[in-house]
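Listed below are the residues making up each chain.
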Amino acid sequence: MSSGNDQQSEALSKPTFSEEQASALAESVFGLKVSKVQPLPSYDDQNFHVYVSKTKDGPTEYVLKISNTKASKNPDRIEVQNDIIMFLKAAGFPTSSVCRAKGDNTASLVSVDSGSEIKSYLVRLLTYLPGRPIAEIPISPQLLYEIGKLAAKLDKTLQKFHHPKLSSLHRKNFIWNLKNVPLLEKYLYVLGQNRNREIVEHVIHLFKEEVMTKLSHFRE
């Protein structure tokens, strides 16, 4: 994902692979025998749901993730993300599994001739994790409790995660980082003039007064 300042440049670097190209990548890079490929939602990367022919053992569904050109220049960040997934899997969390490419790496850099230039993309493969997004099911107090419980367990477990390249995850002005809530002010115009905007403005104001003044006391 991109920072607030880099959203436009990130969008321009988003991969535009076709389903046929994604299928070819899954086969050439990861050695899969693909039977079907479908696009999945994505922000500034590109994701595909990959189906493979049935095997005696092993999964038959995967997610092929193609990073944008900017993110592909930082393989350390992808490496740490993959190692976190494997760490959580080993700790018993219901996460995807990270698949290795033919060269035994967890990510592979592929170059594509776009006609005007050569672009490079980091490609990785995860096992597909079935389920339904929270947004698609009725919310109940019990469900919210379970989500909070899982988040707390995740937080406690990640405190034990150590990696020499962990700093690669730190990005300045990253709008998806909750401590950067004030950066959202520049996007208030998309809400127009209505009650929702008033609520968001109030939340940002409270965040500046009640949270930012205490940030140094919080564990990140």
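Below is a summary of the structure that appears in this document. (Residues numbered from 1 in each chain as written. Predicted model: local features only at pLDDT ≥ 70, side-chain atom pairs only at ≥ 80, totals over all residues. Heavy atoms only, no water.)

## Overview of a nonpolar patch on the surface
On the surface, I134, I139, L144 and I147 cluster together to form a nonpolar patch covering roughly 340 Å² of accessible area. Among the secondary structure elements, I147 is positioned in helix α4 (residues 141-158). Its relative accessible area of 35% is what places I147 among the partly exposed residues. (Patch = residues over 30% accessible without salt bridge, like charges linked within 9 Å, V, L, I, M, F, W, Y side chains within 5 Å. Areas by Shrake-Rupley, 256 points an atom, 1.4 Å probe, with all protein chains shown as cover. Salt bridge = Lys/Arg side-chain N within 4 Å of Asp/Glu carboxyl O. Helix = DSSP H or I, 4+ residues; strand = E, 2+ residues; numbered from the N terminus. Buried < 20%, exposed > 50% of the residue type's maximum accessible area, 1.4 Å probe, protein only.)

## Re the side chain of R77
Inspection of the secondary structure assignment puts R77 in helix α3 (residues 75-90). For R77, a relative accessible area of 15% translates into the label buried. If we ignore the near neighbours within four places in the chain, the residues touching R77 are S168, L169 and R171. (Contact = heavy atoms within 4.5 Å.)

## Remarks on the packing of α3 against α4
For the pair α3 and α4, interaxial distance at closest approach is 11 Å and the crossing angle is 110 degrees. Judged by the inter-axis angle, α3 sits roughly perpendicular to α4. The interaxial crossing formed by α3 with α4 has right-handed handedness. Taken together, the residues of α4 that come into contact with α3 (itself represented by I84, F87 and L88) are L154, T157 and L158. The class makeup of the residues in the contact of α3 with α4 is five nonpolar, one polar and no charged. (Axes fitted to C-alpha atoms, helices over the stretch in contact; angles between N-to-C directions. Parallel < 35°, antiparallel > 145°, perpendicular 65-115°, else oblique. Left-handed = near helix turned anticlockwise from the far one by under 90°. Nonpolar A, V, L, I, M, F, W, Y, C, P; charged D, E, K, R; others polar.)

## Considerations on the packing of aromatic side chains
Enumeration according to the criterion identifies three aromatic pairs in this entry. Their ring planes at 85 degrees and their centres at 5.5 Å tell us that Y43 and W176 sit as a pair that is edge-to-face. Of this pair, Y43 sits in the loop between β1 (34-40) and β2 (46-52) while W176 sits in the loop between α4 and α5 (195-211); the two residues are 133 residues apart in sequence, bridging distant segments of the chain. Look at F87 and F161: their rings are 5.2 Å apart centre to centre, the planes differ by 65 degrees, and that puts the pair in the edge-to-face class. With F87 in helix α3 and F161 in the loop between α4 and α5, this pair connects stretches of sequence that are 74 residues apart. By relative accessible area, F87 is classed as partly exposed at 25%. Sitting above the plane of the Y51 ring, K36 keeps its charged end 4.5 Å from the centroid. A cation sits over an aromatic face here: K153 above F93, 5.2 Å from the ring centre. (Phe/Tyr/Trp six-rings, centres within 6.5 Å; stacked < 30°, edge-to-face > 60°. Lys NZ or Arg CZ within 6 Å of the ring centre and 35° of its normal.)

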